[in-house]
Amino acid sequence: MGLLNGRKGVIFGVANEKSIAWAIAQILRKEGMELAFTYAGEALESRVVPLAESVGSKIIMPCDVTKDEEIEAVFKRIREEWGGLDALVHSLAFAKKEELKGEFMNTSREGFRIAMDVSAFSLVALAKAASPLMEGRNGAFVTLSYYGAEKVIANYNVMGVAKAALEASVKYLSADLGPKGIRINTISAGPVRTLAAMGITGFKQILDVVEAKSPLRRNVTQEDVAKTALYLLSELSSGVTGETIYVDSGFNIMGL
Ligand code: NAD
Ligand code: IMJ
């Protein structure tokens, strides 16, 4: 008997088999959830479709979260196929590469706008579109953040500001959604080698610091993150909303 038998969820943010969203999808499926997947654009279709089909998914749709009409199409299809929804995973972020190096002060107006739109506003847009499908079924959202939302991390720059907006949005959304019986929480994950970490200056050093200094003396894996997502999307966390849960080997609690 799975924790999520008969429940239905949609996953935003699979790019490949290393994606945090893919680890989350696999654990949700293992616990019995039926899954839908979206992918960011044509270029990712050939990567995402085989992964989604391997877990028996029948709803696999393009969705660039900066496009209102693509968001609308996803939830129209889910309404037609399922008539409701129990879980939504938001595991996506984007800033222009040139914004993720050098001084934060050099962030361009357009670079700031794009990072905020894709990485923070998208959660608000998805909450608005998905929540009518979740009413009366104890639905839940989970999103992914990083410690750079709270403290200055070299090169994270405008993404840190966007993650701060994302974490604050989770709190405001939890107040809107709570009365409808819907929960929303953030996982603040430690650094993980995925596409979103490729080519980031100093990433290896950051992994080494976490391994050397965190209470658990190791880095976290996608599976560590996925297990907390399972908790946050299941009845196990029925009294938890608006929270940021750290899956970072305890790194965030350390002082000197
Ligand atoms: P990933 O590259 O596998 O996932 C990022 C996803 O964002 C990709 O699937 C990409 O297609 C999607 N995306 C980008 N622009 C989009 C758009 N306009 N519309 C729809 N989707 C779009 O990397 P990941 O590490 O699995 O990242 C997932 C989440 O985890 C992100 O929010 C990231 O900030 C967060 N996170 C990552 C780490 C890390 O070290 N990898 C640590 C903490 C938090
Ligand atoms: C990203 C940039 C700088 C430092 C970073 C990261 N550290 C970590 C990340 C220390 C852990 C990964 N992370 C938490 C992210 O949220 C990444 C987001 C991201 C990554 C890219 C790379 C490729 C690109 N745009 C991106 N936009 C967002 O062109």
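Note: the structure precedes this text.
First things first, this report covers the structure right here in the doc. Each chain carries its own residue numbering, running from 1 in the direction its sequence is written. Think of it this way: whatever chain is written first is A, whatever ligand is written first is 1, and the rest follow in order. Per-residue local features are limited, in this predicted model, to residues with pLDDT of at least 70; the limit for side-chain atom pairs, both in listing and counting, is 80 or more; totals at the level of whole chains, interfaces and linings are taken over all residues. Side-chain descriptors were evaluated using all non-hydrogen atoms of the structure, hydrogens and water having been removed beforehand.

So, unusual backbone geometry
Selection criterion: Only runs of H or I of at least four residues qualify as helices and only runs of E of at least two qualify as strands under DSSP, and these elements are numbered from the N terminus. Buried means the residue's accessible area, taken with a 1.4 Å probe over protein chains only, is under 20% of the maximum for its type, while exposed means over 50%, and partly exposed covers the values in between.
One non-glycine residue with positive phi stands out, namely Asn138, at about 55 degrees. Note on placement: Asn138 falls in the loop between helix H4 (109-134) and strand E5 (140-145). By relative accessible area, Asn138 is classed as partly exposed at 44%. Backbone geometry places Asn155, a non-glycine residue, at a positive phi of 75 degrees. Tracing the backbone shows Asn155 in the loop between E5 and helix H5 (157-177).

What about the site of ligand 1?
What counts, and what does not: Here a residue counts as near a molecule or strand whenever at least one of its heavy atoms sits within 4 Å of it. Here a polar contact means two N or O atoms within 3.5 Å. Within protein one must be a hydrogen donor candidate and the other an acceptor candidate, and residues neighboring in sequence count only if both atoms are side-chain atoms. Here the Shrake-Rupley method, with its probe set to 1.4 Å, supplies the accessible areas, and only the displayed protein chains count as covering residues. Charged residues are taken to be Asp, Glu, Lys and Arg, nonpolar residues to be Ala, Val, Leu, Ile, Met, Phe, Trp, Tyr, Cys and Pro, and polar residues to be all remaining types, Gly included.
Around ligand 1, 26 residues are found, and the nearest of them are Ser19, Ile20, Lys163, Val192 and Thr194. Residue Ser19 places a side-chain N or O atom 2.6 Å away from an oxygen atom belonging to ligand 1. Interatomic distance of 2.8 Å between a backbone N/O atom of Val192 and an oxygen atom of ligand 1. Against a free-state accessible area of 820 Å², the protein chains account for coverage of 90% of ligand 1. Grouping the constituent residues of the shell around ligand 1 by class yields 18 nonpolar, six polar and two charged.

Side note on the site of ligand 2
Taken together, 13 residues sit near ligand 2, with Ala95, Tyr156, Ala196, Ile200 and Ile206 positioned nearest. Contact between ligand 2 and Ala95: a nitrogen atom at 2.7 Å from a main-chain N or O atom of the residue. Note that an oxygen atom of ligand 2 is positioned 2.7 Å from one of the side-chain N or O atoms of Tyr156. Of the residues that constitute the shell around ligand 2, the class distribution is eleven nonpolar, one polar and one charged.

Notes on the side chain of Glu167
Keep this limit in mind: Any two residues having at least one pair of non-hydrogen atoms within 4.5 Å are treated as being in contact.
By secondary structure assignment, the location of Glu167 is in helix H5. Of note is the side chain of Glu167, whose polar atom sits 2.6 Å from the side chain of Ser145. What Glu167 contacts, discounting residues up to four positions off in sequence, is Ser145, Tyr146, Ala149, Glu150, Thr186 and Thr244.

Things to note about the nonpolar core
We count it as follows: By nonpolar core we mean a set of buried residues, namely Ala, Val, Leu, Ile, Met, Phe, Trp, Tyr and Cys, connected to one another through side-chain atoms within 4.5 Å.
Counting 37 residues, the largest nonpolar core has Ile11, Val14, Ile24, Leu28, Leu35, Phe37 and Ile187 as the members making the most contacts within it. Breaking this core down by element, the ones donating at least two residues are helix H1 (20-30), strand E2 (34-39), helix H2 (42-54), strand E4 (87-90), E5, strand E6 (183-189) and helix H7 (222-233). With eight residues, the top contributor of residues to this core is H1. What Ile187 contacts, discounting residues up to four positions off in sequence, is Val142, Thr143, Leu144, Ser145, Val225, Thr228, Ala229, Leu232, Ile245 and Val247. Judged by nonpolar contacts, the second largest core, of 32 residues, contains Ala36, Leu88, Ala125 and Ala130.

A closer look at helix H3 (residues 68-82)
Here is the rule: A helix is expected to span 1.5 Å multiplied by its residue count minus one. The arc in question is formed by the directions pointing from the helix axis toward the C-beta atoms.
Across its 15 residues, H3 extends 21 Å between first and last C-alpha, which sits within 8% of the 21 Å expected from 1.5 Å per residue. Looking only at H3, the buried set comprises Ile71, Val74, Phe75, Ile78 and Trp82. The buried residues of H3 occupy one face: seen down the axis, they fall within an arc of 85 degrees. Facing away from the buried side of H3, by more than 90 degrees, are the exposed residues Glu69, Glu72, Lys76 and Glu80. Contacts made by the buried residues of H3 are with strand E1 (8-12), E2, strand E3 (59-62), E4 and H4.

Some points on the environment of Val210
Residue placement: Val210 occurs in helix H6 (residues 203-213). Between the C-alpha atoms of Val210 and Pro191, which are 19 residues apart in sequence, the distance is 8.4 Å.

A closer look at the sheet that holds E3
Here is the rule we go by: Here, a strand pair is defined by DSSP locating no fewer than two bridges between the strands. Convention adopted: a line fitted to C-alpha atoms gives each axis, helices being fitted over their contacting stretch, and angles between N-to-C directions are expressed from 0 to 180 degrees.
The strand order across the open sheet built from seven strands is E3-E2-E1-E4-E5-E6-E7, with neighbouring strands paired in parallel fashion. Every interior strand has two partners, whereas the edge strands, E3 and strand E7 (244-247), have only one. Pairwise comparison of adjacent strand axes, ignoring direction, gives a mean angle of 20 degrees for this sheet. Two strands pair when backbone bridges link them, and E4 and E5 are joined in this way by four bridges, in the parallel orientation. From the neighbouring strand, His90 faces E5, where its bridge partner is Thr143. Across the sheet, H3 is in contact with E1, E2, E3 and E4; its angle to E3 comes to roughly 165 degrees. Along the sheet, H5 makes contact with E4, E5, E6 and E7, crossing E5 at roughly 165 degrees.

Here's the deal with the side chain of Asn155
Owing to a relative accessible area of 17%, Asn155 belongs among the buried residues under this scheme. When residues no more than four places from it in sequence are discounted, the contact partners of Asn155 are Glu99, Leu100, Lys101, Gly102 and Thr201.

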